[in-house]
Amino acid sequence: MATKTKAAPATVFSVLGDTLETAAESFEEATANSRDSAKRAAATTKRALGIGVHKAAYGIAFGMVYSAVFITEMLPKGNIIRRGFIEGTEAALDSRRKAQTAREKKSAEPKAESTTPRRKPKSSSRARKVVEKRAASFDGATAQE
């Protein structure tokens, strides 16, 4: 009987050790799987959100343009409102073209040098002296209080 009691603690510790190793391996696998799952979920969410935003923008633009065209086509040819829609559309498109042309010209031009004078950077020894002087004046001011 004495042998059975001595063997039991060794077996308990070996079982405990095996259990701890298995638990550690499970945690490692769960961590690796959760990272991959989180990355996949984020990519899927981003894609779904992008599709939703695209469809919303498409619907708004389509609805606005279709409504304007529909109203314009319903009005008689000589109507002042119809002429206003047509001329407003043409003016907006011309304005857009001018802005785009100006932006393209601006990006094609070489950048001009700044005419404001630049301050000479302080050398490290000069900067150190300024800092030491300010620290001394600060120490003097605190000592007086």
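Everything discussed here concerns the structure shown above.
Residues numbered from 1 in each chain as written. Predicted model: local features only at pLDDT ≥ 70, side-chain atom pairs only at ≥ 80, totals over all residues. Heavy atoms only, no water.

(A) Seen up close, the overall build of the protein chain. What the protein chain contains, in helices and strands, is three helices and zero strands. Along its sequence from the N terminus, the protein chain presents helices and strands in the succession α-α-α. Relative to its 145 residues, the protein chain shows a buried fraction of 2%. Counting only carbon and sulfur atoms, one obtains 63% of the accessible surface of the protein chain, whose full area is about 13600 Å². (Helix = DSSP H or I, 4+ residues; strand = E, 2+ residues; numbered from the N terminus. Buried < 20%, exposed > 50% of the residue type's maximum accessible area, 1.4 Å probe, protein only. Areas by Shrake-Rupley, 256 points an atom, 1.4 Å probe, with all protein chains shown as cover.)

(B) Structural view of helix α2 (residues 80-108). Its 29 residues give α2 an end-to-end C-alpha distance of 42 Å, which sits within 8% of 42 Å, the value for a rise of 1.5 Å per residue. Capping of α2 at its N-terminal end is provided by Asn 79; its side-chain oxygen lies 2.7 Å from the backbone amide nitrogen of Ile 81. (Expected span 1.5 Å × (residues − 1). Polar contact = N/O pair within 3.5 Å; in protein donor to acceptor, adjacent residues only side chain to side chain.)

(C) Layout of a nonpolar patch on the surface. Side chains of Tyr 58, Phe 62, Tyr 66, Phe 70, Ile 71, Met 74, Ile 80, Ile 81, Phe 85 and Ile 86 sit close together on the surface and give an oily, nonpolar patch of about 1100 Å² of accessible area. Looking at where Tyr 66 falls in the secondary structure, it is placed in helix α1 (residues 2-74). (Patch = residues over 30% accessible without salt bridge, like charges linked within 9 Å, V, L, I, M, F, W, Y side chains within 5 Å. Salt bridge = Lys/Arg side-chain N within 4 Å of Asp/Glu carboxyl O.)

(D) Molecular detail of the pattern of salt bridges. What the rule picks out here adds up to three salt bridges. Here Arg 82 ties to Glu 73 by a salt bridge, and the two come within 3.8 Å at their closest N and O atoms. By relative accessible area, Glu 73 is classed as exposed at 54%. The residue Arg 83 makes a salt bridge to Glu 87 at a minimum N-O spacing of 3.5 Å. Of the two residues, Arg 83 and Glu 87 are both situated in helix α2; the distance of four residues between them amounts to about one turn of the helix. The class for Arg 83 is partly exposed, based on a relative accessible area of 47%. Under the relative-accessibility criterion, Glu 87 is labelled partly exposed at 45%.

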